[in-house]
Amino acid sequence: MTIRLLLADDHPVVRAGLRAVLDTEPGFTVVAEAATAERAVELAAAGAVDVVLMDLQFGPGPAMHGSEATALITARQGAPRVLVLTTYDTDGDVLAAVEAGASGYLLKDAPPEELATAVRTAAAGRSALAPAVALRLMDRMRTPAQALTKRELEVLQLVADGLSNQQISKRLFLSQATVKSHLVHVYAKLGVDSRTSAVAAAATRRLIRTL
């Protein structure tokens, strides 16, 4: 059976490289490409796609995130599988993608044979995680009391992006008191006492992205 692929990435060179690799694999056919997450959602909804290879970050500014697109795609009946293919391996990105319904999570530096295996695994309805990503998830499961929750990671990522508590509360539709409460929990788990220290500690542990 031929596995029909949709490539969703805002870099034309990346899409061309992926197409070149995947077209050499037996049983694969790239049927569509999307330069935005919104376009990926539209094409996935149109049918004739088995697996979407989804990047997470699409362009500068307020573009739809790959995890948001993944959630919209997988929410539909008979939806294609989504395999996240990204350069980011932070806890925040991984958790957001998995909770959005991604069948797999692979890094862009994966060798071609690993990518092909992941596509086939996702198409078969099984989980396809990069070894490093699987290890991070297992580490979280081993020490759940010390692990930051998805919401705590979201708040801390916005702190790292330079947003104030008021801006974070508006972005996440939370009260400022709730934002402060999340930060108190973050400080306790990371063993720090300030926003700057929290961002530095989280970045070192690859929990969030920093510029």
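Residues numbered from 1 in each chain as written. Predicted model: local features only at pLDDT ≥ 70, side-chain atom pairs only at ≥ 80, totals over all residues. Heavy atoms only, no water.

So, about helix α1 (residues 12-22). Those residues of α1 lying buried are R15, L18 and L22. Seen along its axis, α1 keeps its buried residues to an arc of 65 degrees; they face one direction. Structural note: α1 exposes P12 and V13 on the side pointing more than 90 degrees away from its buried face. Lining the buried residues of α1 we find β1 (3-8), β2 (28-34), β3 (51-54), β4 (81-86) and α5 (112-123). (Buried < 20%, exposed > 50% of the residue type's maximum accessible area, 1.4 Å probe, protein only. Helix = DSSP H or I, 4+ residues; strand = E, 2+ residues; numbered from the N terminus. Arc of directions from axis to C-beta. Contact = heavy atoms within 4.5 Å.)

For the rest of this paragraph, the subject is the pattern of salt bridges. Counted according to the given criterion, the structure contains 15 salt bridges. The partner of D55 in a salt bridge is K108, with the nearest N and O atoms 3.4 Å apart. You can see D55 sitting in the loop between β3 and α3 (66-74) and its partner K108 sitting in the loop between β5 (104-107) and α5, a full 53 residues away along the chain. Judged by relative accessible area, which is 5%, D55 ranks as buried. A salt bridge links D91 to R136, with the nearest nitrogen and oxygen atoms 2.7 Å apart. Pair noted here: D91 is in helix α4 (residues 91-100) and R136 is in helix α6 (residues 131-142), with a separation of 45 residues, a long-range link. (Salt bridge = Lys/Arg side-chain N within 4 Å of Asp/Glu carboxyl O.)

Right, let's talk about the nonpolar core for a bit. Ranked by internal contacts, the top residues of the largest apolar core, which has 27 residues, are L5, L22, L53, L83, Y105, L115 and V119. Those elements that provide at least two residues to this core are β1, α1, β2, β3, β4, α4, β5 and α5. Ranked by the residues each element gives to this core, the list is headed by α5, at four residues. With 23 residues, the next largest nonpolar core counts L158, L174, A201 and L207 among its residues. (Core = buried A, V, L, I, M, F, W, Y, C linked by side-chain atoms within 4.5 Å.)

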